[in-house]
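Architecture at a glance
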Amino acid sequence: MDPVTLSCAELSTREINAALAALPDGASARVLEPRGRHNLAVGLANRVTIDIDGNAGYFTGGLGTGPDIVVHGFVGWSVGENLMDGSVRVKGNASECAGASSHGGTIIIEGDASSRAGISLKGGTILVAGDVGHMSGFMAQAGLMLIGGDAGHALGDSLYEAVIYVAGKIASLGSDARTEELTEADVRVVKELAKIGGFDHIEPENVTRVASAKELYNFDALKDQKY
Amino acid sequence: MCGIVGLHLKNPDLQPRLGELMTLMLEAMTTRGPDSAGIAIYADSLEFPEPDLRYSLRAEADVDWDVLGKTIAADTGSEVRVRRLAADSAVLESPAREAMFLAAVKRAGADVTVAGWGRAMVLVKDVGAPADICARYGIPSWGGYQGSGHTRMATESAVTTKHSHPFAPAADLALVHNGSFSNYATVRGRLARAGIQFDTDNDSEVAARLIAARMAEGSGLDDALRTVLREMDGFFTLLVTTRTQFAVVRDSFACKPAVIAETADYVAMASEYQALARLPGVADAVVFEPMPEEIHLWTR
């Protein structure tokens, strides 16, 4: 079956998303001339493949539970926000809050991601080939992040159970984030994540594991007390 | 929420299209700021004699601009040339000394204000949808080498023309702001005690006046922006333009968006990429987000 083509130059965002939602499982679609349009391919529950043919705006592929989406360009804020299942692959860079609150599925950024990537991650997987900006992984509760480049300041601030692997340098760790020894199990996980991402520049045994020190888990009544 | 756009042309061949491109950019940011908009356009004009300045005037009601021009000419003892933009807006050109001209405008009519002035800059702002405002002043046909614009969704102060951006408190200086300053009352108090007067209770005007005050003391635009980073607290993406410079700065959290596209022909800046998507050659531009607390500055 030939892919369905939908042009942002002719259709509203609602019309495009309704047409995508009506596709049967196994179908494919191309979204043309996105020109930074927000909210493309959001809230889809069908098993379809979607190619977005250019630079997309905010919330691309958000709330999805099924489709595999490829953006042939860069994306604005919050790509794959609250993703439940399926995947969003971005061929270029991503702006802030990539994969915010995603519960499942995989978000792959082939370029860099800006600040707050993986904020409040709830079980999804975020793979970034390049760098991430400041406060990435902030309050991430569950899930995995693999950063192929460098991480900005305050990485993993107030982490819960999510784990972040960084191949490059870390500008600074956030509160309650710490680096931990890399186990063989970690190396196997990183190998698998790099394979899913299609990243061949990462040496799985040479990444840094960042996880929660869990000192903020319980209220310390004596903290900062002088007496 | 507000929208910011700016265009700094490197290739003079694009100058006749500045107004058209700025209009496209401003319209694309309507969703971020539907209640009012403003635009500052910088243009060289070879026939414009030194040391004349052009003053962008705005009235609360319709004004006979020729009569007002004559009143100001008599008051300042200098020639005044009048270019009417609309019943409530005009550009007046005069060789009078800046302070004398500004005082004469105040004396001429209580409901006429100077939105901005300078050698190169003309500034219009108004309440309403960005597309209507651009059409009203014929912005698409304006040429120039640099522009900044703003679409406003008011949070900190009233929806009026005076409260809309750009804020232009010194010759050829214009500031547009997305965000909100939290300590602006404190900074305004300090500036007011130093004798600086304010037109509005708006938070963005405080940043504009702070920059103007530093530059009046001899600081460069980059140093003045470092003062903003040091002294002003809050969320901000700022685009600040002078006769020769185009600068973008964001606060340490950088949670107000900004994207820059640079080509051999221009530097373009906007809150969202949508505003840049229809610029010529943008597909080959270097597109990036300005980093927090970094000053990105281009000089003509």
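First things first, this report covers the structure right here in the doc. (Residues numbered from 1 in each chain as written. Chains lettered and ligands numbered in written order. Predicted model: local features only at pLDDT ≥ 70, side-chain atom pairs only at ≥ 80, totals over all residues.)

**Details of the interface of chain A and chain B**
Across the contact, 11 residues belong to chain A and nine residues belong to chain B. Among the residues forming the side of chain A that touches chain B, the class breakdown is two nonpolar, eight polar and one charged. (Contact = placed C-beta atoms within 7 Å. Nonpolar A, V, L, I, M, F, W, Y, C, P; charged D, E, K, R; others polar.)

**So, the pairing of strand β2 (residues 36–42) of chain B**
Residue and element names in this part refer to chain B. Along β2, seven of the seven residues are buried, which leaves the element largely enclosed by surrounding structure. Here β2 shows two buried faces, one formed by S36, G38, A40 and Y42 and the other by A37, I39 and I41. In the sheet, β2 pairs with strand β7 (residues 121–127) via seven bridges, with the strands oriented antiparallel. Looking at β7, one finds that I41 is bridged to V122. Where β2 and strand β8 (residues 146–152) come together, seven bridges link them in antiparallel fashion. Within the sheet, the bridge partner assigned to A37 lies in β8 and is T151. (Buried ≥ 20, exposed ≤ 12 C-beta atoms within 10 Å, placed from the backbone. Helix = DSSP H or I, 4+ residues; strand = E, 2+ residues; numbered from the N terminus. Pairing = 2+ DSSP bridges.)

**Points about helix α1 (residues 18–28) of chain B**
All names here are of chain B. Taken across its 11 residues, α1 has nine buried, putting it largely inside the fold. Along α1, the residues classified as buried are L18, G19, L21, M22, T23, M25, L26, E27 and A28. Buried-residue contacts for α1 involve β1 (2–9), β2, α4 (130–137), β8 and β14 (266–270).

**Remarks on the pairing of strand β4 (residues 65–71) of chain A**
All names here are of chain A. Where strand β3 (residues 49–53) meets β4, four bridges bridge the pair, whose relative direction is parallel. Looking at the pairing, D51 lines up with V70 of β4. Bridge analysis of β4 against strand β5 (residues 85–90) gives five bridges, and the strand direction is parallel. When the bridges of β5 are listed, T65 appears paired with D85.

**Looking at the packing of helix α6 (residues 203–216) of chain B against helix α7 (residues 221–231) of chain B**
What describes two packed helices is the angle between their axes and the distance between those same axes. All names here are of chain B. The geometry of α6 relative to α7 is characterised by a closest axis approach of 9 Å and an angle of 135° between their N-to-C directions. Our classification of the angle between α6 and α7 gives oblique. Relative to α7, α6 is oriented so that their crossing is right-handed. Only L221, D223, A224, L225, T227, V228 and E231 of α7 make contact with α6, whose side of the interface consists of A207, L210, I211, R214 and M215. Considering only residue class, the contact of α6 with α7 consists of eight nonpolar, one polar and three charged. (Axes fitted to C-alpha atoms, helices over the stretch in contact; angles between N-to-C directions. Parallel < 35°, antiparallel > 145°, perpendicular 65-115°, else oblique. Left-handed = near helix turned anticlockwise from the far one by under 90°.)

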